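So you can see what is in the structure, the chains are spelled out below.
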Amino acid sequence: MNITRAGRSIRGFMSVQSENPELLKAQYRAFTRQMPMMYFILLSSTWALAITHFGVAPSWLTTGGPLLLTCGCLLRVVFWLRTRHFEPSPDLAYAALKRANRLAGFIAISFTLWSFALVPYGDAYLRSHVAFYMAITVISCIFCLMYVRSAAFIVALIVNGAFVAFFISTAQPTFVAIAVNLLLVCAGMMSILLTNYQNFESMVVSRQRSDALSTENFKLANLDSLTGLANRRAFFAALEVELEKARLSGNRLALGVMDLDGFKPVNDLYGHSVGDRLLVEVAIRLSDVLKASTPFRLGGDEFAIIAPLPPESDQLVINANAIAARLREPYHMPEGTVHVSASMGIAVFPDLALSREQLFDRADYALYHAKKKQRGRAVLFNSDLEKQINTDAKIESVLKQANLDKELSLVFQPIVDIRNQVTLGFEALARWDSPTLGKVSPAYFIPIAERAGIVSSLTRPLFKKALAAANRWDPSLRLSFNLSAHDLNSESGVLSLIGIIESSGFDPRRLDLEITETAFTHDFEQVSQSVAILRCLGCGISLDDFGTGYSSLTRLHARKREFLHTF
């Protein structure tokens, strides 16, 4: 049993190992660089030895033998030179190295026999040349074969074994000393070769681990850990690649940006764990319904779809609405059945979008339009939206540079009790008269200000003007004033409002603050705290446009105990 095991170990040691594909490829690459040099050393030494034996040994030995060996070696040189820059598969590398391993033994035997055939001819100098040739050539070959351990050992055993046995058998002290010396040198060389091979193998394995770790890190950096979809970083990289492909091929490319309607109420009502499971279910449905397109999770409840070679615009919208319909189907959770919908904005390259940034921005603008006008459906960015976005950009730019104290004004709409036709108060309505744009409707500039995040800079001067005007009214009249989500989603914002109220001298008990229900889709906790503070101050609180959004009843049910006194 021990003999069998030892024999198996020796066979394994003297053969090419195939367990590690990357090691095979690394050996192959190193081998292709070393082989031409080995054959050059071998042939130059062979012809040098042959030339010294011209006229002494038969021509078939000095010319025929080297020519035959040269032809065989040149064929191998051509093979290795042709495959020098070739990246092999593991199977191909294994086959090539196995073949090289077999040829190493054949070449070692051929050159050894040819060398011994020259020994009987010539004097002691020529025999010394044969010994020198065999010694220096085997050392050179061992170094060149060091990356394929088995081949190096095969050459060393064949040449050194024959060399040592032959020259010791001559009983000539000089040759015996040379043989023993070569044996010791080769033993040391083989020890060094084993160490170098182990270092080479360790280096390859370490690089494998490093590459695997880098690949894993890259995968983690580009993968959304919750849904398993590619993440925002991977999305922008993939969009750039697909956009470049579309440019080169002259094809169209569609981008869909999607946002879930009603996701935040699910978190508020059922908790974040249910919200996470809902996102996973959405990702599964997206992956199932998409065939030639790739879904991504951009963050939160926002997703994106890259669609190479999209259909024509009408069909593209139909397909997108089919996706939205699939996502609108009920989600059955252990905690209850959840309903959400999905709004989608679509932009197409090169139709009105030429760069990655432009494509994304226009899809995002179409999404904004969808959530505002066609919630739960898809909207394709078109020339009308392009005109609108240009108009919005102009209004935003002028608004940011406007003298708001001077340009903003108010009109007051009566609030009448229809039962007795008594006026209870007035609602303040904003107006903007721009020196550049003229009179701009609040239906335009207020949503733009909210989207740009500058609506609070409009609220403050308008609120001051409204309170100043209301101070001159009959004390029985109330003032109604609209607030934006941006006025309530920070502690500093609500403190600013309180400061304006207190500095105005207006009785907060005569003040009704109208808040759109969508304000609660921003930061529910902070907005709730702001509402509670204003309520404690004595202000009346009402929800504006209640029921027009998707979340009213769900939110009220989720927080009814906390805000029953408020609403």
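Residues numbered from 1 in each chain as written. Predicted model: local features only at pLDDT ≥ 70, side-chain atom pairs only at ≥ 80, totals over all residues. Heavy atoms only, no water.

Visitor: Just give me the short version of the pairing of strand β3 (residues 302–308), but keep the residues and values in it.
Guide: Counting buried positions over the seven residues of β3 gives six, a clear majority of the element. Direction of pairing for strand β1 (residues 253–261) relative to β3: antiparallel, over a ladder of seven bridges. Residue pairing in the sheet places leucine 255 in a bridge with isoleucine 306 of β3. Alignment of strand β2 (residues 294–299) against β3, held across five bridges, turns out to be antiparallel. Bridging across to β3, arginine 297 finds its partner in phenylalanine 303. (Buried < 20%, exposed > 50% of the residue type's maximum accessible area, 1.4 Å probe, protein only. Helix = DSSP H or I, 4+ residues; strand = E, 2+ residues; numbered from the N terminus. Pairing = 2+ DSSP bridges.)

Visitor: Give me the lowdown on the pattern of salt bridges, citing residues and values where you can.
Guide: Proximity of charged atoms lets side chains of opposite charge pair with each other. A complete count under the given rule lists 19 salt bridges for this structure. Between aspartate 261 and arginine 375 there is a salt bridge; the shortest N-O distance is 3.4 Å. Taken as a pair, aspartate 261 in strand β1 and arginine 375 in the loop between α12 (356–373) and β7 (378–380) lie far apart in primary sequence, 114 residues in all. On the accessibility criterion, arginine 375 (34% relative accessible area) is partly exposed. Look at the salt bridges and you will find they share partners, linking Asp259, Asp261, Lys371 and Arg375 into a network. (Salt bridge = Lys/Arg side-chain N within 4 Å of Asp/Glu carboxyl O.)

Visitor: An account of the side chain of threonine 46 is requested, with residue identities and associated values reported.
Guide: Following the sequence through the fold, threonine 46 ends up in helix α2 (residues 21–52). Overall, threonine 46 belongs to the buried group, its relative accessible area being 0%. There is a polar contact of 2.6 Å between the side chain of threonine 46 and the backbone oxygen of leucine 42. Side chain to side chain, threonine 46 and tyrosine 133 meet in a polar contact 2.8 Å long. If sequence neighbours within four positions are ignored, threonine 46 has contacts with Pro66, Phe111, Trp114 and Tyr133. (Polar contact = N/O pair within 3.5 Å; in protein donor to acceptor, adjacent residues only side chain to side chain. Contact = heavy atoms within 4.5 Å.)

Visitor: How would you summarise the environment of glutamine 315 if you had to cite specific residues and measurements?
Guide: Here glutamine 315 lies in helix α11 (residues 313–328). Each C-alpha atom of the pair glutamine 315 and glutamate 407 lies 46 Å from the other, and the pair is 92 residues apart in sequence.

Visitor: So what about a nonpolar patch on the surface? Which residues, and what values?
Guide: Together, Ile168, Val180 and Leu184 line one region of the surface with nonpolar side chains, adding up to about 260 Å² of accessible area. Relative to the assigned elements, isoleucine 168 resides in helix α6 (residues 149–169). Taking relative accessible area as the criterion, isoleucine 168 reaches 40% and is therefore assigned partly exposed. (Patch = residues over 30% accessible without salt bridge, like charges linked within 9 Å, V, L, I, M, F, W, Y side chains within 5 Å. Areas by Shrake-Rupley, 256 points an atom, 1.4 Å probe, with all protein chains shown as cover.)

Visitor: Talk me through the packing of aromatic side chains; I want residue IDs and the actual numbers.
Guide: Scanning the model with the defined rule gives 11 aromatic pairs in all. On the basis of an interplanar angle of 85° and a centroid distance of 5.2 Å, the ring pair of phenylalanine 412 and tryptophan 473 is categorised as edge-to-face. Note that phenylalanine 412 is positioned in strand β8 (residues 408–417) and tryptophan 473 in the loop between α16 (455–470) and β11 (478–483), a separation of 61 residues in sequence. Given a relative accessible area of 28%, phenylalanine 412 falls into the partly exposed group. Residue classification places tryptophan 473 among the buried residues on the basis of a relative accessible area of 17%. Among the aromatic residues, those joined into a ring-pair cluster are Phe235, Phe236, Phe296 and Phe360. (Phe/Tyr/Trp six-rings, centres within 6.5 Å; stacked < 30°, edge-to-face > 60°.)

Visitor: Account for the side chain of histidine 53, with residues named and values stated.
Guide: As for its placement among the helices and strands, histidine 53 is situated in the loop between α2 and α3 (59–82). A polar side-chain atom of histidine 53 sits 3.2 Å from a polar atom in the side chain of threonine 52. What histidine 53 contacts, discounting residues up to four positions off in sequence, is Thr62, Leu118, Tyr121, Leu126 and Val130.

Visitor: Summarise the environment of phenylalanine 175; cite the residues concerned and give the values.
Guide: In this fold, phenylalanine 175 is placed in helix α7 (residues 173–221). Along the backbone, phenylalanine 175 and alanine 131 are 44 residues apart, and their C-alpha atoms lie at a distance of 8.0 Å. Once you skip the residues sitting within four places of it in the chain, phenylalanine 175 turns out to touch Arg127, Ser128, Ala131, Phe167 and Thr170.

Visitor: Any details on helix α9 (residues 263–270)? Residues and values, ideally.
Guide: The complete set of buried residues in α9 reads Phe263, Pro265, Val266, Asn267 and Asp268. Backbone geometry just after α9 places glycine 271 at a positive phi near 105°.

Visitor: Before we move on, could you go through the sheet that holds β1 and cite the residues and values that matter?
Guide: Taken in spatial order, the five strands of this open sheet run β2-β3-β1-β6-β7, and their pairing is mixed. Strands with a single pairing partner mark the edges of an open sheet, and in this sheet they are β2 and β7. Mean inter-strand twist for the sheet, computed between neighbouring axes without regard to direction, equals 20°. Packed on one face of the sheet, α12 meets β1, β2, β3, β6 (341–349) and β7 and runs near 145° to β6. (Axes fitted to C-alpha atoms, helices over the stretch in contact; angles between N-to-C directions.)

Visitor: Before we move on, can you summarise α3 with the specific residues and values?
Guide: One turn of an α-helix holds 3.6 residues; hence residues three or four places apart share an orientation. Here α3 is 24 residues long and its end C-alpha atoms lie 33 Å apart, about the 34 Å a rise of 1.5 Å per residue gives. Those residues of α3 lying buried are Leu61, Thr62, Gly65, Pro66, Leu69, Thr70, Cys73, Arg76, Val77 and Trp80. If you follow the buried residues of α3, they end up packed against α2 and α4 (90–118). (Expected span 1.5 Å × (residues − 1).)

Visitor: Outline the pairing of β8, supporting the account with residue identities and numerical values.
Guide: As paired strands, β8 and strand β9 (residues 422–434) are joined by 10 bridges and run antiparallel to one another. Residue pairing for β9: isoleucine 415 is matched across the bridge by glycine 425. Between the end of β8 and the start of β9, which pair antiparallel, lie four residues, with glutamine 421 showing a positive phi angle near 60°.

Visitor: How would you sum up the confidence of the model for the chain? Please name residues and give values.
Guide: Across the chain, the average pLDDT comes to 84, with 91% of residues at 70 or higher. Taking the mean pLDDT of every element in the chain, the minimum, 45, falls on helix α20 (residues 552–563) and the maximum, 95, on β6. In this model residues 546–567 is a low-confidence stretch, pLDDT under 50, and it forms 39 contacts with partners more than four residues away in sequence or in other chains. (pLDDT = per-residue confidence, 0-100.)

Visitor: So what's going on with the packing of α12 against helix α13 (residues 383–401)? Residues and values would help.
Guide: Between α12 and α13, the least distance of the axes is 11 Å, while the angle of their chain directions is 95°. Here α13 runs roughly perpendicular to α12, going by the angle between their axes. Residues Arg362, Tyr365, Ala366 and His369 of α12 pack against Leu385, Glu386, Gln388, Ile389 and Asp392 of α13. Grouping the amino acids of the contact of α12 with α13 by side-chain chemistry returns four nonpolar, two polar and three charged. (Parallel < 35°, antiparallel > 145°, perpendicular 65-115°, else oblique. Nonpolar A, V, L, I, M, F, W, Y, C, P; charged D, E, K, R; others polar.)

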